[in-house]
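Spelled out from the first residue to the last, the chains are:
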Amino acid sequence: TNYRICSLSNNNNSMLMWSHYAQEHQGIMVEYWFGGEFPCGVGIEKVSYIDEFKRNIEKDSYVFNQYLLTKNKDWSYEDEVRIFTNVKEKINFETFNYPNVDRTKINARVCSITLGCDFPRDKRKLIANIANTINSNRENHEPKVTLREAFISQHNCFALEYRDIDISKI
């Protein structure tokens, strides 16, 4: 209860994660870019994946790592990275230029939004509007949010592929 945790993944193409974390392919995947230092009191670390036996032996040695930064090997496909803080206030993010005097925000931006292969057709316009709103607030030199969709590969029915969507045509 004392920590805020944001779980992210370096694995952007996992059938299992689409099934587990995106309402069985009906959700979205958001790609972020991070730059520079994090505010004081905010950490970022890759999750370690170890076997249950070793984790049990070390359970009292590194309590913070055991609960916040360690998972069993079975989950290693997630390739997870966690941003965490013990601060009770929210940590916001926005894109900014250096030098940055406001150390309460994380320098980050949304790069892309990917719709799951079973994403509801009636909600596509909503996501397109969100991407358009983000893009309209960016300067001309800043990269725009890309809208993509996942689909089942024609060459392998157990794999996903991705294609860009023209936001203006939704």
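Preceding block: the structure.
Quick notes on the rules
Residues numbered from 1 in each chain as written. Predicted model: local features only at pLDDT ≥ 70, side-chain atom pairs only at ≥ 80, totals over all residues. Heavy atoms only, no water. Helix = DSSP H or I, 4+ residues; strand = E, 2+ residues; numbered from the N terminus. Expected span 1.5 Å × (residues − 1). Buried < 20%, exposed > 50% of the residue type's maximum accessible area, 1.4 Å probe, protein only. Arc of directions from axis to C-beta. Contact = heavy atoms within 4.5 Å.

Trainee: An account of helix α4 (residues 124-136) is requested, with residue identities and associated values reported.
Mentor: In this model, α4 (13 residues) spans 18 Å end to end at C-alpha, consistent with the 18 Å of a helix rising 1.5 Å per residue. Three or more residues of α4 are buried, namely R124, I127, A128, A131 and N135. For α4, the arc enclosing every buried residue in end-on projection is 100°, short of the 170-degree limit, so these residues lie on one face. Buried residues along α4 sit against β2 (28-34), β8 (105-115) and β9 (146-152).

Trainee: I'd like a rundown of the environment of A159, residues and numbers included.
Mentor: Locating A159 in the fold gives a position in the loop between β9 and β10 (160-164). Between the C-alpha atoms of A159 and S14, which are 145 residues apart in sequence, the distance is 8.2 Å. Among residues more than four places away in sequence, those in contact with A159 are M15, F151, I152 and S153.

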